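Tertiary structure, described
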Amino acid sequence: MSLLKDPEQYFPAQQEGVQANNQGVCVGHIQQKLGLSQSTVSEYLSLLQRAGLIVATRSGQWTYYKRDEAAIQRVAESILNDL
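In this numbering scheme, every chain counts its residues from 1 along its sequence in written order. Local features in this predicted model are restricted to residues of pLDDT 70 or higher, and side-chain atom pairs are both shown and tallied only at a pLDDT of 80 or more, whereas totals for entire chains, interfaces and linings draw on every residue. Excluding hydrogens and water, the side-chain figures rest on all heavy atoms present in the structure.

**Regarding the nonpolar core**
- L4, F11, V25, V27, I30, V41, L45, I54 and Y65 together form the largest nonpolar core, which totals nine residues.
- Contributions of two or more residues to this core are made by helix 4 (27-34) and helix 5 (38-50).
- In what follows, a contact means two residues having at least one pair of non-hydrogen atoms within 4.5 Å. Sequence-distant contacts of Y65, that is, excluding residues within four places in its chain, are made with L4, G24, V25, V27, I30, L45, Q49, I54, V55 and A56. The nonpolar core is taken to be a set of buried Ala, Val, Leu, Ile, Met, Phe, Trp, Tyr and Cys residues, with the residues joined through side-chain atoms within 4.5 Å. When accessible area is computed with a 1.4 Å probe and restricted to protein chains, residues below 20% of their type maximum are described as buried, those above 50% as exposed, and intermediate ones as partly exposed. We count a stretch as a helix when DSSP gives it H or I for four or more residues in a row; a strand needs E for two or more, and each element gets its number in order from the N terminus.

In structure tokens:
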């Protein structure tokens, strides 16, 4: 999650026409950065997506992931208010 907060700092340029801050980061770049298998990274990303913390966008054969900042803010506020 912290790497996706500032994707242009941590990941290489995306395919032409895709800006990491707008569309997200390709799963392949995430996998390379973490040094984990594709299946492990996909499972983690799927879990975060089901939790509503990240958004996946499909573009052709590629899937890009980015943080859902509004959802993260709601979770943070809920933790502060409820604990």
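**Some words on the environment of Y65**
- Assignment of secondary structure puts Y65 in strand 3 (residues 62-67).
- Assessed through its relative accessible area of 11%, Y65 is described here as buried.
- Along the backbone, Y65 and E77 are 12 residues apart, and their C-alpha atoms lie at a distance of 23 Å.

**Some points on the environment of E69**
- Mapping E69 onto the fold places it in helix 6 (residues 69-82).
- Put simply, E69 and I54 are 15 residues apart on the chain and 8.2 Å apart in space, counted from C-alpha to C-alpha.
- Of the polar contacts made by the side chain of E69, one reaches the side chain of R67; its length is 2.6 Å. Polar contacts here mean pairs of N or O atoms no more than 3.5 Å apart (in protein, one a potential hydrogen donor and the other a potential acceptor; neighbouring residues in sequence count only if both atoms are side-chain atoms).

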